[in-house]
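What the coordinates show
The residues making up each chain are set out below.
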Amino acid sequence: MNIDIVNENISFDVYKLRKEFPLLDQQINGCPLVYFDNAATNQKPLSVINSIREYYETINSNVHRGIHTLSERATEAYENSREKVREFISASGSNEIIFVRGTTEAVNLAASTYGMQFINEGDEIIVSAMEHHSNLVPWQNLTSRKKALLKFIPITDNGELVMDEFKSMLNEKVKFISVVYVSNTLGTINPVKEIISAAHSYNIPVFIDAAQASPHIKIDVKELDCDFLAFSGHKTYGPTGIGILYAKEKYLDLMPPYQFGGEMIKNVSYEHTEYNNLPFKFEAGTPNISGAVSLASAIDFINEKGLLNIARHESDLLKYAENRMNEIEGMNIIGNAKNKTGVISFIINGIHPYDTGSILDNLGIAVRTGFHCTQPLIEQRYNLPGTVRISFAVYNTVEEIDRFIDGLHKVKKMLS
Ligand code: PMP
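Residues numbered from 1 in each chain as written. Predicted model: local features only at pLDDT ≥ 70, side-chain atom pairs only at ≥ 80, totals over all residues. Heavy atoms only, no water.

Some details on the domain arrangement of the protein chain
Its domain assignment divides the protein chain into domain 1 (14-44 + 306-415) and domain 2 (49-303). Taken together, the 40 residues of domain 1 in the interface contact 35 residues of domain 2. Summed over both partners, the interface of domain 1 with domain 2 comes to about 3000 Å²; 53% of that surface belongs to carbon and sulfur atoms. Linking domain 1 with domain 2 are one salt bridge. (Domains from an automatic or database assignment. Contact = heavy atoms within 4.5 Å. Buried area = accessible area lost by both parts, 1.4 Å probe. Salt bridge = Lys/Arg side-chain N within 4 Å of Asp/Glu carboxyl O.)

Here we look at the packing of helix α2 (residues 46-59) against helix α10 (residues 289-305)
Packing of α2 against α10 leaves a shortest axis separation of 8 Å and a crossing angle of 150°. As α2 packs across α10, the resulting crossing turns out to be right-handed. Listed contacts from α10 to Ser-47, Val-48, Ser-51, Ile-52, Tyr-55 and Tyr-56 of α2 are Ile-289, Ser-290, Val-293, Ser-294, Ser-297, Ala-298 and Phe-301. Residue classes in the contact of α2 with α10 are distributed as eight nonpolar, five polar and no charged. (Axes fitted to C-alpha atoms, helices over the stretch in contact; angles between N-to-C directions. Helix = DSSP H or I, 4+ residues; strand = E, 2+ residues; numbered from the N terminus. Left-handed = near helix turned anticlockwise from the far one by under 90°. Nonpolar A, V, L, I, M, F, W, Y, C, P; charged D, E, K, R; others polar.)

What to know about the packing of aromatic side chains
Scanning the model with the defined rule gives 21 aromatic pairs in all. The interplanar angle of 80° and the centroid separation of 5.0 Å between the aromatic rings of Tyr-55 and Tyr-56 together place this pair among those described as edge-to-face. The class of Tyr-55 is buried, set by a relative accessible area of 3%. Residue classification places Tyr-56 among the partly exposed positions, given a relative accessible area of 49%. Summarising the aromatic geometry, the rings of Tyr-114 and Phe-176 are spaced 5.4 Å apart at their centres and angled 40° between planes, so their arrangement reads as tilted. Of this pair, Tyr-114 sits in helix α4 (residues 103-118) while Phe-176 sits in strand β9 (residues 174-180), and the two are 62 residues apart along the sequence. For Tyr-114, a relative accessible area of 9% puts it in the buried group. (Phe/Tyr/Trp six-rings, centres within 6.5 Å; stacked < 30°, edge-to-face > 60°. Buried < 20%, exposed > 50% of the residue type's maximum accessible area, 1.4 Å probe, protein only.)

Section: the pairing of strand β16 (residues 343-348)
Counting buried residues along β16, six of its six residues qualify, which places the element largely inside the surrounding structure. Where burial is concerned, the two faces of β16 agree: the one with Val-343, Ser-345 and Ile-347 and the one with Ile-344, Phe-346 and Ile-348 are both buried. Here strand β15 (residues 331-334) pairs with β16 via four bridges, running antiparallel. From the neighbouring strand, Ile-334 faces β16, where its bridge partner is Ser-345. (Pairing = 2+ DSSP bridges.)

Structural notes on the environment of Glu-172
Within the secondary structure, Glu-172 sits in the loop between α6 (163-169) and β9. For Glu-172, a relative accessible area of 62% gives the class exposed. Along the sequence, Glu-172 and Glu-54 sit 118 residues apart, while their C-alpha atoms lie 52 Å from each other.

Next comes the structure, spelled out in structure tokens:
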């Protein structure tokens, strides 16, 4: 089936688009690759791969330091990329965009700067019961060091936040909230705008983990009015080792630096250091310049295809896959929120997720098995030993889902 996606004045054909992703064109275990592990990391278009190469072939140099031409060019490319990210998430100023290694580092930065400075004994921090470990463990660590309390927004069996419960958890003791925009395990798109506005009525700042949102839905930090937000380049068709932390300037101004040395310094004597202006105050040492530059190419790729087109395509795949999966006897889909991205966690009765994953891999189909870095969610909330997870990207097709369903039938035949 040829899915031609047309929206406003942008259109793309998924089969033509797949040619932009060289990695997809290969055999795994003698079968054409089906890559359904996009929530872990997605594949890179040629434009992104070429931009890394071009950076090293033409302008590689250290940023912000030299007066020589190459250094100026590298600095310009790096700062243009910051501006591209600003536009991508509709932030007010590019000084509110900090380049980091990824979402995990962004959460750690917030916890160990804002958190260490402003969270005190007896305070409360709220996260949800569906957080990725990266948005759980830093807050667990902070609250245990500060003798503060970490509380969890409960979730329904369908995988939606219990919003009434959340609102009843708000009081003057709550000093910070951090929630995931889109769950990497359940696919749930959380009502983060509602969370932020309820939190702001108590003047509580909110951090949004947008690691699974950035490749699928338009992020608008002004409209959301979030105080902090993070995403990773490698889940956004960009390279590994680069991501961003957005924070409102008023918070970045209040926060102490995260790491010390290099770029974050304005003036140093033997006795004293004056820190640099934003955003450099939070970018110690030589940054991942080629990563930032190629993240800009990844954003160009997304803009060119159109996030709405991407979302519509993935939503069609989600519906098709869920319908076909429900044909399989003993199929349990974990996470049936009304508002979902193309992520499906499941177990087949009586079959261990690991066995399903191994057999699918033998058929060239890459899926993820286990806890998906949400062990408390899977083990404590859903009481499961793990799940199998498939997750879609812009280049996936209905035929790939058909192959996956054939694979599941084989799994059942072999293991039931
Ligand atoms: N949060 C969510 C929801 C994620 O899916 C991930 C990555 N799986 C992370 C945080 C951590 O991102 P990274 O590994 O890129 O730092």
